[in-house]
Amino acid sequence: MPERVLAYVGLGSNLQTPEQQLRQALDELARIPRTRLVAQSGLYRNPPMGPVVQPDFVNAAAALETQLPALELLDELQAIEQAHGRVRIERWGPRTLDLDLLLYGDHSIEEPRLRVPHPGLHERPFVLYPLAEIAPELTLPGHGTLSGCLARCSPGSLERIESHG
């Protein structure tokens, strides 16, 4: 039987009712085969990254216990994105749904399609603050404790807009 791995996923949306997109995606994460949704954060609003003028994002984080290998889990995440109409046109552009595999256990993965830990994870408040809500004791491989990363990362304009539940 494959090992169970605790994986963390970052969720984001800024098109087509973002809060609804994230709530629906969380339901869909819970239905991934051989995977169980074990925790989810509240929703956070924040300004977009990058040079493109676009609406604010809504972000969240989820913890999944999975028996899927990392690339199979990535395939499942991308299938959910596609079902939500995700189109990859421009880097840091607007999107209906973005699901990033942030951490996969304590594994470091360098594949053409997947880098874990997710690059930039340790310096993005819209990822760190939702993660801290569901896994405050987390250690980020190569970057130390989540609390240490938070201490070096101002929340900026990040705003919690909805609690889980």
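Quick note: structure is the one above.
Residues numbered from 1 in each chain as written. Predicted model: local features only at pLDDT ≥ 70, side-chain atom pairs only at ≥ 80, totals over all residues. Heavy atoms only, no water.

**With respect to the nonpolar core**
Using the following cut-off: Throughout this description, the term nonpolar core refers to a set of buried Ala, Val, Leu, Ile, Met, Phe, Trp, Tyr and Cys residues connected via side-chain atoms within 4.5 Å. Relative accessibility under 20% of the residue-type maximum defines a buried residue, over 50% an exposed one, and the middle range a partly exposed one, all with a 1.4 Å probe and only protein chains included. To qualify as a helix, a DSSP run of H or I must reach at least 4 residues; to qualify as a strand, a run of E must reach at least 2; elements of each kind are numbered from the N terminus. Residues count as neighbours in contact if any of their non-hydrogen atoms are within 4.5 Å of one another.
Counting residues in hydrophobic clusters, the biggest one holds 27 residues, and the most contacted among them are Leu-11, Leu-29, Leu-73, Leu-99, Leu-101 and Tyr-104. The set of elements that each furnish at least two residues to this core consists of strand E1 (5-13), helix H1 (18-29), strand E4 (57-66), helix H2 (70-83) and strand E5 (98-104). The biggest single contributor to this core is H2, with 5 residues. Apart from residues no more than four positions distant in its own chain, Leu-101 is found in contact with Ala-7, Tyr-8, Val-9, Ala-70, Leu-73, Leu-77, Leu-114, Arg-115, Val-116 and His-118.

**Examining the pattern of salt bridges**
To keep it simple, the criterion reads: In the sections that follow, a salt bridge refers to a side-chain nitrogen of Lys or Arg positioned within 4 Å of a carboxyl oxygen of Asp or Glu.
This model, assessed by the stated rule, comprises 7 salt bridges. With a closest N to O distance of 3.5 Å, Arg-4 and Glu-65 form a salt bridge. Of this pair, Arg-4 sits in the segment before E1 while Glu-65 is found in strand E4, placing the two residues 61 residues apart along the sequence. Put simply, Arg-45 and Glu-19 hold a salt bridge, and the shortest N to O gap is 3.2 Å. In this pair, Arg-45 sits in strand E3 (residues 43-46) while Glu-19 sits in helix H1, placing the two residues 26 residues apart along the sequence. By relative accessible area, which is 27% here, Arg-45 ends up partly exposed. Given the relative accessible area of 22%, Glu-19 is considered partly exposed. Beyond isolated ion pairs, a larger network of salt bridges with shared partners links Arg-4, Arg-36 and Glu-65.

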